[in-house]
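Each chain, written out:
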Amino acid sequence: MGEPRFDSDLEALRAGDEAAFQSLVQRYHTSMFKLAMTYVGDRGVAEDVVQESWLTCLRSLDRFEGRSSLKTWLFGILVNVARARRRKESRILPFSSFWRRDDSDSRRPTVDGSRFGSDGMWSVGPHSWDNIPESNVLGAETLQHVKSAIDALPAKQREVILLRDVAGFEATEVSSLLGISPANERVRLHRARAAVRQALEEYLR
Amino acid sequence: MTCRQVVELMTDYLEGALSAVDRARFEQHIAGCDGCTAYLAQLRMARKIMGKLADEPVPAGVEKELLEAFRSWRSTR
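Not measured: the values here are computed from a predicted model.

Enquirer: Before we go on, may I ask you to explain the overall build of chain A in this structure?
Expert: Along its length, chain A carries nine helices and zero strands. Going residue by residue from the N terminus, the α and β elements of chain A occur as α-α-α-α-α-α-α-α-α. Counting only C-alpha atoms, chain A reaches 60 × 45 × 35 Å along its principal axes. Of all intrachain contacts in chain A linking residues separated by at least 6 positions in sequence, the fraction that spans at least 24 positions is 69%.

Enquirer: Sorry, what's going on with the domain arrangement of chain A here?
Expert: Many descriptions give the size of an interface as the accessible area lost when the pieces come together. Residue and element names in this part refer to chain A. Domain annotation of chain A identifies domain 1 (8-92) and domain 2 (113-204). For domain 1 and domain 2, the distance between their C-alpha centroids amounts to 25 Å. If you look at the interface, domain 1 gives eight residues, while domain 2 gives 10 residues. For the side of domain 1 that touches domain 2, the secondary structure elements donating two or more residues are helix H2 (18-40) and helix H4 (70-92). For the side of domain 1 that touches domain 2, the class distribution of residues is three nonpolar, four polar and one charged.

Enquirer: Quick question: what am I supposed to make of the interface of chain B and chain A here?
Expert: Contacts between the two partners involve 37 residues from chain B and, on the opposite side, 46 residues from chain A. At the level of secondary structure, the elements contributing two or more residues to the side of chain B that touches chain A comprise helix H1 (3-8), helix H2 (10-14), helix H4 (34-53) and helix H5 (60-75) of chain B. Here the side of chain B that touches chain A gets 14 residues from one element, more than from any other, and that element is H4(B). Along the lines of polarity and charge, the residues of the side of chain B that touches chain A split into 19 nonpolar, six polar and 12 charged.

Enquirer: When you look at the nonpolar core in this model, what are you seeing that I'm missing?
Expert: Residue and element names in this part refer to chain A. Among the nonpolar cores identified, the biggest contains 55 residues, and Ala36, Val49, Leu78, Ala82, Ile161, Leu163 and Val196 are the most heavily contacted of them. Residue contributions to this core peak at 10 residues, all from H2. Shared between two domains, this core holds at least three residues of each, these being domain 1 (8-92) and domain 2 (113-204).

Enquirer: Is there a simple way to explain helix H6 (residues 140-151) of chain A in this structure?
Expert: Since the α-helix turns once every 3.6 residues, residues separated by three or four places project in the same direction. Its 12 residues give H6(A) an end-to-end C-alpha distance of 16 Å, which sits within 8% of 16 Å, the value for a rise of 1.5 Å per residue. Those residues of H6(A) that fall on the buried side of the exposure criterion are Val146(A), Ala149(A) and Ile150(A). Along H6(A), the residues classed as buried sweep out an arc of 100 degrees about the axis, all on the same side. For H6(A), the exposed residues lying more than 90 degrees away from the buried face are Ala140(A), Glu141(A), Gln144(A), Ser148(A) and Asp151(A). Those residues of H6(A) that are buried lie in contact with helix H7 (155-166) and helix H9 (182-204) of chain A together with H4 of chain B.

Enquirer: Looking at this model, I keep getting lost on the packing of H2(A) against H7(A). Mind explaining?
Expert: How two helices pack is summed up by the angle between their axes together with the distance between the axes. Residues and elements named next belong to chain A. At a closest axis distance of 9 Å, the pairing of H2 and H7 adopts a crossing angle of 170 degrees. With respect to H7, the axis of H2 lies roughly antiparallel. Along its contact with H2, which presents Ser31, Lys34, Leu35 and Thr38, the element H7 presents Ala155, Arg158, Glu159, Leu162, Leu163 and Val166. Residues of the contact of H2 with H7, tallied by class, amount to five nonpolar, two polar and three charged.

Enquirer: What's the story with the environment of Gly139(A) in this structure? I'm lost.
Expert: One can find Gly139(A) in the loop between helix H5 (134-137) and H6. Along the chain, Gly139(A) and Gly41(A) lie 98 residues apart, while their C-alpha atoms are 27 Å from each other.

Enquirer: For this particular structure, what's the right way to read the environment of Leu43(B)?
Expert: Along the polypeptide, Leu43(B) turns up in helix H4. On the basis of neighbour count, Leu43(B) is assigned to the buried category, with 22 C-beta atoms found within 10 Å. Linking Leu43(B) and Val6(B), residues 37 residues apart in sequence, is a C-alpha distance of 13 Å. With sequence-adjacent residues up to four places away left out, Leu43(B) is seen in contact with Arg193(A), Arg197(A), Met10(B) and Leu14(B).

Enquirer: Mind showing me how you'd approach the environment of Leu189(A) here?
Expert: When you line up the elements, Leu189(A) lands in helix H9. Judged by the 24 C-beta atoms lying within 10 Å of it, Leu189(A) falls in the buried class. Put simply, Leu189(A) and Arg14(A) are 175 residues apart on the chain and 35 Å apart in space, counted from C-alpha to C-alpha. What Leu189(A) contacts, discounting residues up to four positions off in sequence, is Val160(A), Ile161(A), Arg164(A) and Thr11(B).

About the cut-offs
Residues numbered from 1 in each chain as written. Chains lettered and ligands numbered in written order. Predicted model: local features only at pLDDT ≥ 70, side-chain atom pairs only at ≥ 80, totals over all residues. Helix = DSSP H or I, 4+ residues; strand = E, 2+ residues; numbered from the N terminus. Contact = placed C-beta atoms within 7 Å. Domains from an automatic or database assignment. Nonpolar A, V, L, I, M, F, W, Y, C, P; charged D, E, K, R; others polar. Core = buried A, V, L, I, M, F, W, Y, C linked by C-beta atoms within 7 Å. Buried ≥ 20, exposed ≤ 12 C-beta atoms within 10 Å, placed from the backbone. Expected span 1.5 Å × (residues − 1). Arc of directions from axis to C-beta. Axes fitted to C-alpha atoms, helices over the stretch in contact; angles between N-to-C directions. Parallel < 35°, antiparallel > 145°, perpendicular 65-115°, else oblique.

Below, the structure written as structure tokens:
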């Protein structure tokens, strides 16, 4: 947010530069698709949501004032399109399982109490990864486990961690994109990161 | 601070949301605690791995459709 600034991606899109569009698609598609899946839960519908978001973005390029980055604006459109689609789908499906009750906003401990002694200090501390080569920790199989761990999160946590840690938005942008308070954003992020770390610990032990 | 308390402050710490006083107490604990040091390092590593997820290639069919949509938008301008 702030004063309009020069954005070379924006200028290239306005000029109809297909290579620039393709490069933006390659940069943002996975994050956009995963975020869309958080709302609609069906791959085909999620692809539609991404495409509709791009088209909405392209069609309103001339009205875009550049007060946020193109990326923030694009993801804002995606959130709106995906939420509208979810409302439409939930009229067709009698029960929506996507937004089932969850503990995303709770401040319950994120680490199992049995891992601490009665003094509150670790009794079963985290298993160190120092002896695992970084190429393994960052390898394809680990990535797959992290993906599954994110997919298993409640939607409210998933949308936050996707925007903050996968898409790389600043925390303030995440809370404003989702319309939640910064404190609430951090509570959800904390639960989500703790769950992903826990899944990694189980895989890498 | 106990380890049990410190682990629940890790995100606030990483996000720069702790008060100066809490940050100092947090860092003091971490400095003397291998378990919490490892936990914090693991959260940082988890973030690093998640950042790589965005680099997954776009499925070819999906990219083709998006490029076609782009061209049809461009032709109507």
